Amino acid sequence: MSSLAFAGRVAVVTGASRGIGEGIARALARGGAHVVCVSRSMANCSKVSDEIIALGGSAEAMAVDVSDSVEVEKACGILLEKHPAADILVNNAGIIKDAILMRMSYGDWDDVIRTNLSSCFFWLKNLMRPMVQRRWGRIVNMSSIVGKIGNFGQANYAAAKAGLIGLTKSAAKEVASRGICVNAIAPGFISTDMTARLDQKSIDDLARFIPMKRLGSVEDVVPLATFLCSEEARYITGQIFTVDGGMTM
Ligand code: NAP
């Protein structure tokens, strides 16, 4: 990949205000993309887009609750008035609301499914047509190893992340002939705000089950994501790539 692999590309990254999404947004911007940083809070996502611009990159911020189809549709309308298309879409925004099944509320089930899974359908539905017309696109959906192996207390999250795998493969089949690649990444346990609630003992216990003996970092996930967004990934689609230090083999 050249150092300006994304020059001329418009990239939408959801959940770009921190963690994995922020890392991907910054890397795409370093590669020359104009990055649309999306999160619920304008203050949070504009902090990242402002920093990208201060470093000489190109970015803008959009406050969108990705779990709300009306908000996503409106945001895509505004975006497509400014840009001919989103060339790259990284569906990364996600939340957890953990509880064992018997105690899980209907609301927590719905919130997690809408934020982690339905949101990706909302963005795809609104941004795919211009990609198809331009015969080029890269879509990366952020799944999780939990979507493949399940997890105690995370039935909602596991169901959403497993659903993303089906969505990724179906979308990939629908648009493969139009130069659009749709892939998913399934990270293991990555040190971000999402895992920050784990105390040191839980982290040590977890690390024992990881052949590489540590949690991953944002930097362990970003290079794969940017590669999947690149021209060079043109013959790779419908795949789920695990980044988990060997935890699931
Ligand atoms: P994080 O640090 O908690 O960041 C989550 C991001 O999503 C934030 O930017 C947040 O921004 C945004 N977000 C949450 N709800 C949103 C909504 N309704 N609308 C718009 N934006 C929303 O999480 P992370 O660890 O970087 O995780 C990123 C993705 O990787 C998630 O999909 C997660 O499920 C997945 N993943 C993470 C791990 C891990 O161990 N960390 C493992 C596997 C998969 P605002 O709060 O500003 O809205």
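Thresholds applied
- Residues numbered from 1 in each chain as written.
- Predicted model: local features only at pLDDT ≥ 70, side-chain atom pairs only at ≥ 80, totals over all residues.
- Heavy atoms only, no water.
- Phe/Tyr/Trp six-rings, centres within 6.5 Å; stacked < 30°, edge-to-face > 60°.
- Lys NZ or Arg CZ within 6 Å of the ring centre and 35° of its normal.
- Buried < 20%, exposed > 50% of the residue type's maximum accessible area, 1.4 Å probe, protein only.
- Helix = DSSP H or I, 4+ residues; strand = E, 2+ residues; numbered from the N terminus.
- Pairing = 2+ DSSP bridges.
- Right-handed = clockwise from strand over helix to strand, strands pointing away.
- Near = heavy atom within 4 Å.
- Polar contact = N/O pair within 3.5 Å; in protein donor to acceptor, adjacent residues only side chain to side chain.
- Areas by Shrake-Rupley, 256 points an atom, 1.4 Å probe, with all protein chains shown as cover.
- 1 Å grid on protein atoms, 1.4 Å probe; cavity = no way out; pocket = protein on both sides within 12 Å on 5 of 7 lines; lining within 4 Å.
- Sits in = over half its atoms within 2 Å of the grid points.
- Nonpolar A, V, L, I, M, F, W, Y, C, P; charged D, E, K, R; others polar.
- Points joined across faces, edges and corners; volume = space filled by probe spheres on them.

S.K.: Help me understand the packing of aromatic side chains in this model?
M.R.: The way to describe two aromatic rings as a pair is by their centre distance and the angle between their planes. Under the definition given, this model contains one aromatic pair. Across the ring face of Trp-136, the terminal group of Arg-9 is positioned such that the distance to the ring centre comes to 3.4 Å. Between the NZ or CZ atom of Arg-138 and the centre of the ring of Trp-136, over which it lies, the distance is 4.3 Å.

S.K.: Looking at this model, I keep getting lost on the pairing of strand S1 (residues 10–14). Mind explaining?
M.R.: Successive side chains on a regular strand alternate, one facing one side of the sheet and the next facing the other. Within S1, five of the five residues are buried, leaving the element largely enclosed by the surrounding structure. In the sheet, S1 pairs with strand S2 (residues 34–39) via five bridges, with the strands oriented parallel. Each residue of the ladder has a partner; that of Thr-14, found in S2, is Val-38. Between the parallel elements S1 and S2, the chain passes through helix H1 (residues 19–30) in a crossover that is right-handed. Across three bridges, the pairing between S1 and strand S4 (residues 88–91) is parallel. Across the sheet, Val-12 pairs through a bridge with Leu-89, a residue of S4.

S.K.: Help me understand the site of the ligand in this model?
M.R.: Residues in contact with the ligand amount to 32 residues; listed here are only the nearest, Ser-17, Arg-40, Asn-92, Tyr-157 and Thr-192. Between the ligand and Gly-15 there is a distance of 3.2 Å, counted from an oxygen atom to a backbone nitrogen or oxygen. Within the contact set of the ligand, an oxygen atom lies 2.8 Å away from a side-chain nitrogen or oxygen of Arg-40. Alone, the ligand offers 890 Å² of accessible surface; in the complex the protein occludes 96% of this. In a pocket analysis with a 2 Å cut-off to the grid points, the ligand is assigned to the largest pocket. Elements supplying a minimum of two residues to the shell around the ligand: H1, helix H4 (106–134) and helix H6 (155–175). Within the shell around the ligand, the residues separate by chemical class into 12 nonpolar, 15 polar and five charged.

S.K.: Help me understand the layout of surface pockets, please; the structure alone is not making it clear to me.
M.R.: Regions of empty space are outlined by a rolling probe, equal in size to a water molecule, passed over the atoms. Reported here for the largest pocket is a volume of approximately 1,000 Å³. Forming the boundary of the largest pocket are 49 residues, of which Gly-94, Ile-95, Ile-96, Tyr-157 and Met-194 lie nearest the centre. Contributions of two or more residues to the lining of the largest pocket are made by H1, S2, H4, H6 and helix H7 (200–208). Ranked by residue count, the leading element in the lining of the largest pocket is H4, at four residues.

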